[in-house]
Amino acid sequence: MTPIAQEAASTSEWIENLTFDELSIGQSGQLVRKLKPSDIEAFAAVSGDVNPAHLNADYANASMFHGLIAHGMWGGALISALLGTQFPGPGTIYLEQVLHFSKPVRIGDTLTVLATVSAKDAEKNRIELDCQVLNQRGERVLHGLARVIAPTQKVRLPRMHAPQIGLFDPLARFRELLALGDGLPPVRCAVVHPCDADSLKGVLDATRHGVIEPLLVGPEFRLRAIAEEIGMDLQGITMIPAAHSHDAAEQAVALAVQGQVQSLIKGSLSTGELIHAVQASAAMRTGRLLSHVYRFDVPLYAKPLLITDTVLNMRPDLEQKADILRNAIQCAHAVGLEVPRVAVLSAVEIVNPAVASSIDAAALCKMAERGQITGCLIDGPLTFDDAISIQATHLRQIDSAVAGQADVLLSPDFESGNMLARQLQTFGGATASGVVLGARVPIALSSRSEGPKARVASAVLAQLVAHRMS
């Protein structure tokens, strides 16, 4: 079989070997593979080789290689893949592999793996193969000699599809969010009643990252006791005494009205308590409905996903949904999405008079078409899988610039949105941050059950929105 024919066989739905008797000296097989960042990550995950030359761009750029490179044995694994699946194929037993590494392999390189029979031992059914790996410029990056026992029985089996490795690094996603604020000055913010360890630690971490300049509004003795308990220093941080959480909320709102702070951060008080204080102040109103936007990093989705409103508005009508959508678009712009793709969710993907959310979705799309809602691409009604799965859109033959690649999901109501958000966190392993928009200043709002990192992430969202509003 010629190398080209052998390569074509590798893409079929069947896997077929070449027996010892079918192999001749000079005969070759080949495999072609392009290196992607996910290949490096998967190899590191499986092997445990986390050498920074492969994973840390800053380190790699300063090294002799001037950039990230593949693990050397990734090329060796490609040789193994060729021998085990195609040439000779199933039944091959590895005896020895000698490898010589000539050039680094970089992301985007296309490698051609060649194996050529150089010797045969009929007595033991052994063959030697000259192995070479060439990049797209024809440069040899790897070569060596393989000794194997060739199969003696013909095998033709359905091709097994490799399992998908879902690689998700929450810390890397967190750093990407922090990087959105690079170059921006910290925002001065009132932190409302941060009277538990997670709230206070989140605030101090956000301060250390240069995200905020905090004013802690709460009972000073409790704040100092918690700081001592978690081993953190409050030196240099302004504290504004408040008798209790109600008082802290009212004082924080007053600071925002007076222009002394650019954002608020919810501490350990309830969401309702803080939002009530905000809504009670006429000077905090902007004429737009208050609504919450979640930002999720989901392991099985390639980009951040904004979901609204899962916290504040129980059963929004059409006018309220339009405001909720405008707030979400404002948040999307703040995090760098100049033309976010918005999916208006429903239980169906066609307008059905019996499903009220589908009618609202159609109306919102018409409002966008008439310029009443701007700054986005919008489509609906769409089911959840229509919104985030390209495969679902193909199966249902949905022609849409939004379906399968949404940035923003507009929930029909509080209940469905809240359940979706909690499922993403508990079953989907998503990490979350959140912000309330529609008031005079953004409000970083995390659940009391979320840890310090989520609170830092929420503070970043508020920082980005605040600078966009200024």
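Residues numbered from 1 in each chain as written. Predicted model: local features only at pLDDT ≥ 70, side-chain atom pairs only at ≥ 80, totals over all residues. Heavy atoms only, no water.

1. Quick word on the overall build of the protein chain
Regarding its fold elements, the protein chain presents 16 helices and 18 strands. What you see for the protein chain is a C-alpha radius of gyration of 29 Å, clearly larger than the 23 Å of a compact globule of 470 residues, by over 25%. A burial count over the protein chain gives 47% of its 470 residues as buried. Carbon and sulfur atoms make up 54% of the accessible area of the protein chain, which totals about 22200 Å². Here the protein chain holds 39 positive side-chain charges and 47 negative ones, and the gap between their average locations is 2 Å. (Helix = DSSP H or I, 4+ residues; strand = E, 2+ residues; numbered from the N terminus. Rg over C-alpha atoms; globule rule 2.2 N^0.38 Å. Buried < 20%, exposed > 50% of the residue type's maximum accessible area, 1.4 Å probe, protein only. Areas by Shrake-Rupley, 256 points an atom, 1.4 Å probe, with all protein chains shown as cover. Lys, Arg positive; Asp, Glu negative; His and termini not counted. Charge placed at Lys NZ, Arg CZ, Asp CG, Glu CD.)

2. Brief notes about the pattern of salt bridges
A full pass over the atoms with the stated rule returns 21 salt bridges. Measuring nitrogen to oxygen at the nearest pair gives 2.9 Å for the salt bridge that ties K154 to E22. Taken together, the residues span a long stretch of sequence, with K154 in the loop between β6 (140-149) and β7 (156-158) and E22 in the loop between β1 (14-16) and β2 (28-34) at a distance of 132 residues. K154 sits in the partly exposed class, given a relative accessible area of 42%. (Salt bridge = Lys/Arg side-chain N within 4 Å of Asp/Glu carboxyl O.)

3. Let's talk about the sheet that holds strand β8 (residues 187-192)
Taken in spatial order, the eleven strands of this open sheet run β10-β9-β8-β11-β18-β17-β12-β13-β16-β14-β15, and their pairing is mixed. At either margin of the open sheet sits one strand with a lone partner, and together these are β10 (238-241) and β15 (377-382). Here strand β14 (residues 341-345) runs beside β15; their pairing, made up of four bridges, is parallel. When the bridges of β15 are listed, L345 appears paired with L382. Taken strand by strand, helix α12 (residues 356-369) contacts β14, β15 and β16 (408-410), and its axis lies near 160 degrees from that of β15. (Pairing = 2+ DSSP bridges. Contact = heavy atoms within 4.5 Å. Axes fitted to C-alpha atoms, helices over the stretch in contact; angles between N-to-C directions.)

4. What about the nonpolar core?
Burial of nonpolar side chains together is a common tendency in soluble globular proteins. I212, L216, L234, L364, I373 and I378 are the most contacted members of the largest nonpolar core, which has 56 residues in total. Looking at this core element by element, the count peaks at nine residues for helix α16 (residues 452-469). Aside from chain neighbours lying at most four places away, what touches I212 is P186, V187, C189, V203, A206, T207, I265 and A459. (Core = buried A, V, L, I, M, F, W, Y, C linked by side-chain atoms within 4.5 Å.)

5. Here's the deal with the sheet that holds β6
Reading across the sheet, the five strands line up as β2-β4-β5-β6-β3 and stay open at both edges, with antiparallel pairing between neighbours. The two strands at the open ends of the sheet, each matched to only one other strand, are β2 and β3 (93-101). Direction aside, the axes of adjacent strands within the sheet are offset by 20 degrees on average. Of the strand pairs in this sheet, strand β4 (residues 110-121) and strand β5 (residues 126-134) are connected by nine bridges, and their pairing is antiparallel. Looking across to β5, one finds that L114 is bridged to Q132.

6. A short note on helix α2 (residues 37-47)
For α2, every residue scored as buried is listed here: D39, I40, A42 and A44. Looking at the buried positions of α2, the neighbouring elements they touch are β2, α3 (52-55) and α5 (72-85). In the segment just after α2, G48 is the residue with positive phi, at about 80 degrees.

7. Topic: the packing of helix α7 (residues 197-208) against α16
The relative placement of two packed helices comes down to the angle between their axes together with the axis-to-axis distance. Viewed as axis vectors pointing N to C, α7 and α16 meet at an angle of 50 degrees, and their least axial separation amounts to 8 Å. In terms of orientation, α7 and α16 fall into the oblique class. For the crossing formed where α7 meets α16, the hand is right-handed. Across from D198, S199, K201, G202, D205 and A206 in α7, the residues of α16 making contact are P452, R455, V456 and A459. Classifying every residue of the contact of α7 with α16 by side-chain character gives four nonpolar, two polar and four charged. (Parallel < 35°, antiparallel > 145°, perpendicular 65-115°, else oblique. Left-handed = near helix turned anticlockwise from the far one by under 90°. Nonpolar A, V, L, I, M, F, W, Y, C, P; charged D, E, K, R; others polar.)

8. Quick word on the environment of G48
In this fold, G48 is placed in the loop between α2 and α3. Look at G48 and you get exposed, because its relative accessible area is 52%. Separated by 112 residues in sequence, G48 and M160 place their C-alpha atoms 25 Å apart.

9. Topic: the pairing of β4
Pairing analysis gives seven bridges linking β2 to β4, with the strands arranged antiparallel. The partner of G29 across the bridge, within β4, is A115. The antiparallel pairing of β4 with β5 creates a hairpin that spans four residues between the two strands, and N125 there sits at a positive phi of about 55 degrees.

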